[in-house]
Amino acid sequence: MASTEKVTYNLCQGWGCHEHCLVETHVKDGKIDRVQKCLFPGKRPANDICMKGILSAKIPYAKDRILHPLKRVGERGEGKFEEISWDQALDEISAKIKESAEKYGPRSIMLNQFWCGYPGDWKSTQNDLIYRFAFAYDASILEYQAVDYGLTFGTAVVNGLFTVNSRRLPDDTGKEIIIWGGNPLGFTRPAASTHFLLDAQERGVKIVHISNLFDVTSARADQWVPVKSGTDAALALGMCNVLLEEGLYNADFLLEKTSAAYLVNTETGAYARAASLIEGASENDFAAADEQGKLGVVPHPMGQPFAGYGDLKPDLFASVEVNGVVYKTTMLLLKEFCQQWTPEKQEAATGVPAETCRQVAREYVANSPAIIYLYYGLRYPNAVQSNRAILTLALLAGNVGKKGGTIMLAGQGEQTTMFGMDQNVVRMPPNPRGMSERVTIETILEGFEDPTKQQHKVWLNCMGNPLLNWPNKDLWRRRILPNLDLFVSWEIRMTDTARYADYVLPETTTFERYETVCDTDNCVMYCEPAIEPLGEAKSGTWIFNEIAKRIGIEDDFSLSAEEWQQVRIDEGMKGKNAIVFDDEQNAIGSEPITFDKLKEKKVMRVEMPPYIPEDGLSMDMHTTTTGRFEFYSELLYNVGRPFGDLEPMEMLDEKKREEYPLQFYVGRHKYFMQGQFTNIEENHLLASKQFGVALNPIEAEKRGLVDGELVDVVNECGTMRVPLQLRDDIPVGMAHTWYSFDEKHYPGTCCPQDLMHAENTPERETAVMRAYYPSYAYINIEVLKTPQVMTHVAGPYTPEGLWDQLCDVRKISNEGEVA
Ligand code: SF4
């Protein structure tokens with residue numbers, strides 16, 4: 001029989017990252033032969049794929065691929081299942097859903113929209129169908145929980161919005177990029193960030209890397225500034241001190257864009273409302289003063305362009321007394337606050353020499369416009385405060401919202417949603433039964449403890465590997481899973497999460513399903529199945545349709561996966577145009593994006609709006625108190641944090657360090673990332689030398705430990721037994737490990753998450769509980785401005801509870817048994 005060959009475009013199965021790279025899939029005789037990068041229209045060099053992308057061709061054929069519906073036969077977590085038919089699985093699952101809805105109401109059914117780790121994640125059809133199901137049935141959405149909220153919440157305090165990013169990385173950066181905390185060259189999203197940074201460096205842009213570990217990014221940077229873990233706020237405040245003391249701040253920017261000149265009542269900590277100081281002023285307005293102490297009204301922008309200060313020439317450092325009360329500008333208060341943070345004092349906290357602090361601060365201003373690129377790096381309990389302090393520095397320098405000078409939280413691939421489709425065309429059924437409820441862990445636990453509250457008894461995990469990724473796996477194992485009546489997981493392979501499920505449903509890989517993706521490098525892509533689904537694997541769309549049929553919402557789930565793509569493009573991208581290129585890839589015009597056109601071309605480059613330096617910043621639309629950028633927060637004054645400050649953390653606790661002297665620094669391994677596929681053989685080969693715990697040889701010598709031996713990593717939560725690696729690049733005082741390995745790697749002992757869990761330590765329980773506040777906080781910061789919720793954001797423990805633990809590394813006391 002003649003051999004057949006074909007090429008399709010597919011979303012990279014992703015291995016748990018959310019870059020959404022498109023790959024060209026070469027299929028021979030019905031089997032994937034290889035994948036490679038595909039070319040995008042136009043001349044921009046992009047869409048490189050990484051090693052994991054190349055290896056993704058193997059995922060459908062993995063030995064442990066789940067190919068049939070499974071039903072649990074052992075205890076939850078034991079991993080014992082039997083194969084059953086689809087009909088049996090769907091009938092039994094649907095019956096339990098209906099039973100729960102009748103007994104506890106439809107909101108007792110929770111769907112998991114955890115995006116990281118699911119290819120296409122929050123932009124996938126699957127994610128939209130999860131919402132559709134929740135609206136159609138009035139079920140609940142389980143709130144996304146992650147460990148990198150510090151960035152966004154720090155930003156929300158300053159900006160009132162979740163981001164200060166430019167929509168996309170500028171093509172022509174300024175003169176300097178400070179990468180603060182992250183490791184973009186060595187970690188995730190290599191396709192977008194690596195090009196951007198290396199191209200900029202080639203153009204002469206200086207790259208400074210501030211981080212606690214020496215890594216690939218440090219090696220490539222022009223300057224590496226090592227900083228002790230979790231002390232970044234002190235360095236940022238030391239740099240603010242330099243700018244304030246040496247007059248290096250950008251006064252024009254501060255006046256124009258921030259609340260720096262606004263007066264604050266020093267007795268209450270509140271911004272002075274003009275109505276209380278100036279006759280005839282509105283309740284919404286604020287007050288400033290000139291050098292002579294004359295007061296003037298500063299109108300709240302109310303979402304409009306800032307109207308300015310009228311006749312007043314505001315003094316950034318004004319201090320006035322009215323009726324015995326002293327009012328100072330936030331700029332003056334910041335200067336006073338930063339006086340304690342001399343470069344010398346920050347040196348004591350961070351280990352960064354005072355002179356280096358001065359040099360980096362001065363150059364950051366001299367090289368303006370300059371970018372601070374955070375890249376999800378600061379994942380400590382105090383990350384909110386650290387990021388507020390860093391944003392304060394950027395505001396002082398005026399390096400926010402400029403072409404080539406801004407703050408960036410993430411990489412290019414993430415910043416392109418603005419041209420994407422309107423996902424509501426799938427998410428919202430025509431006649432929703434309800435608006436769904438967003439559920440946090442706290443809500444679930446409250447219900448279990450109080451039967452008068454809404455119960456959450458059924459969990460449909462349709463995306464990702466939450467038991468691996470969420471901050472407290474143990475909380476789920478101990479307190480939530482035992483109380484659930486039904487737990488179903490859609491899976492490709494057996495994950496840490498699936499092992500606890502009652503039913504595991506075999507899902508298609510991205511090589512076996514339809515999808516449309518809006519992402520990387522401004523392109524929209526149409527993906528068709530490269531191969532037939534293996535075994536009995538089915539698309540998420542099919543699974544939803546079948547359950548919907550059995551529970552009475554089939555009218556809202558009547559389309560196939562392919563048909564949904566047409567809806568996503570023809571309705572969701574209505575009115576959007578793509579660039580037309582000639583054979584030499586020169587742009588020669590534009591055309592509407594339609595499903596038929598996309599099906600024919602597979603990839604279309606979306607026409608972007610003209611570059612606006614302030615784009616994404618909504619410069620006059622902040623939902624802060626003043627409607628401006630605020631480095632001073634009156635809400636957080638109430639909880640003792642008017643400015644971003646260095647929060648104490650366990651790792652800075654000298655007393656606790658006497659027993660557990662090492663900082664337990666845990667991160668995600670780049671070959672596992674968000675970790676839906678932590679058991680993939682090829683990834684283990686790529687990462688094999690990195691399993692275990694890494695120590696500096698000085699620390700090992702103190703303990704009589706040698707490279708490669710099995711050691712116990714111990715703290716008050718338990719013991720993890722793993723091989724020791726001696727590495728000169730690990731700072732003294734740190735024990736470094738990756739949390740992304742499957743729990744099977746730690747037989748009979750704890751895994752990294754266990755050493756970070758809340759059991760036995762009420763403070764940690766509190767910390768971890770607070771990890772589940774992000775959505776409340778988000779809503780409240782933006783809409784309600786509720787101080788109690790802000791307390792959770794500003795308190796000593798924030799959602800970043802995962803990385804702040806202490807430990808010791810010891811010789812194993814009794815081989816085979818864990819102490
Ligand atoms: S970065 Fe992620 S999505 Fe892109 S090729 Fe690599 S694994 Fe695939």
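Per chain, the residues get numbers from 1 upward, laid out in the order the sequence is written. The predicted nature of this model means local features are confined to residues of pLDDT at least 70 and side-chain atom pairs, given and counted, to a pLDDT of 80 or more, with totals for whole chains, interfaces and linings taken over all residues. Hydrogens and waters are ignored; side-chain quantities use all the structure's heavy atoms.

**Some remarks on the sheet that holds strand β2 (residues 22–28)**
Working step 1: In this analysis, strands are considered paired if DSSP registers two or more bridges between them. Helix and strand assignments follow DSSP, with helices taken as H or I runs no shorter than four residues and strands as E runs no shorter than two, numbered in order from the N terminus. The strand order across the open sheet formed by three strands is β1-β2-β3, and the pairing between neighbours is antiparallel. Taken across any chain shown, the strands that pair with only one partner, and hence form the sheet edges, are β1 (5–11) and β3 (31–37). Sheet twist, expressed as the average angle between the axes of neighbouring strands with direction ignored, equals 30 degrees.
Working step 2: Pairing analysis gives six bridges linking β2 to β3, with the strands arranged antiparallel. Throughout, an axis means a line fitted to C-alpha atoms (over the contacting stretch in the case of helices), and angles, computed between N-to-C directions, take values from 0 to 180 degrees.

**A look at the state of the cysteines**
Working step 1: Disulfides are defined in this document as cysteine sulfur pairs within 2.5 Å. Tallied over the entire structure, the rule returns zero disulfides.
Working step 2: The thiol sulfur of C523 is not disulfide-bonded, and the nearest other cysteine sulfur, from C38, lies at 8.5 Å.

**A closer look at the pattern of salt bridges**
Working step 1: A carboxyl oxygen of Asp or Glu within 4 Å of a side-chain nitrogen of Lys or Arg is what we treat as a salt bridge. According to the stated counting rule, one finds 38 salt bridges in the structure shown.
Working step 2: Here R34 makes a salt bridge to D33, at a shortest N to O gap of 3.3 Å.
Working step 3: To sort residues, take the accessible area from a 1.4 Å probe on protein chains only and compare it with the maximum for the residue type: under 20% means buried, over 50% means exposed, and anything in between is partly exposed. Look at D33 and you get partly exposed, because its relative accessible area is 39%.
Working step 4: One salt bridge in this structure joins R65 and E512, with 2.9 Å as the shortest N-O distance.

**Details of the sheet that holds strand β6 (residues 109–112)**
Working step 1: Strand order in this open sheet of eight strands is β5-β4-β21-β20-β19-β6-β7-β18, and the pairing throughout is mixed. The sheet terminates laterally at β5 (81–83) and β18 (437–439), the two strands that pair on one side only. Direction aside, the axes of adjacent strands within the sheet are offset by 25 degrees on average.
Working step 2: Where helix α15 (residues 441–449) meets the sheet, its contacts fall on β6, β7 (140–142) and β18, and the angle it forms with β18 comes to roughly 90 degrees. In this analysis, two residues are considered to be in contact whenever any of their non-hydrogen atoms come within 4.5 Å of each other.

**Concerning unusual backbone geometry**
Working step 1: Cis geometry marks the peptide bond from S368 to P369, where omega comes out at 0 degrees.
Working step 2: For P369, the location among the structural elements is in the loop between α12 (354–366) and β16 (370–373).
Working step 3: Despite not being glycine, D29 shows a phi value in the positive range, around 50 degrees.
Working step 4: Mapping D29 onto the fold places it in the loop between β2 and β3.
Working step 5: Positive phi values are uncommon outside glycine, yet N323 reaches one of about 50 degrees.

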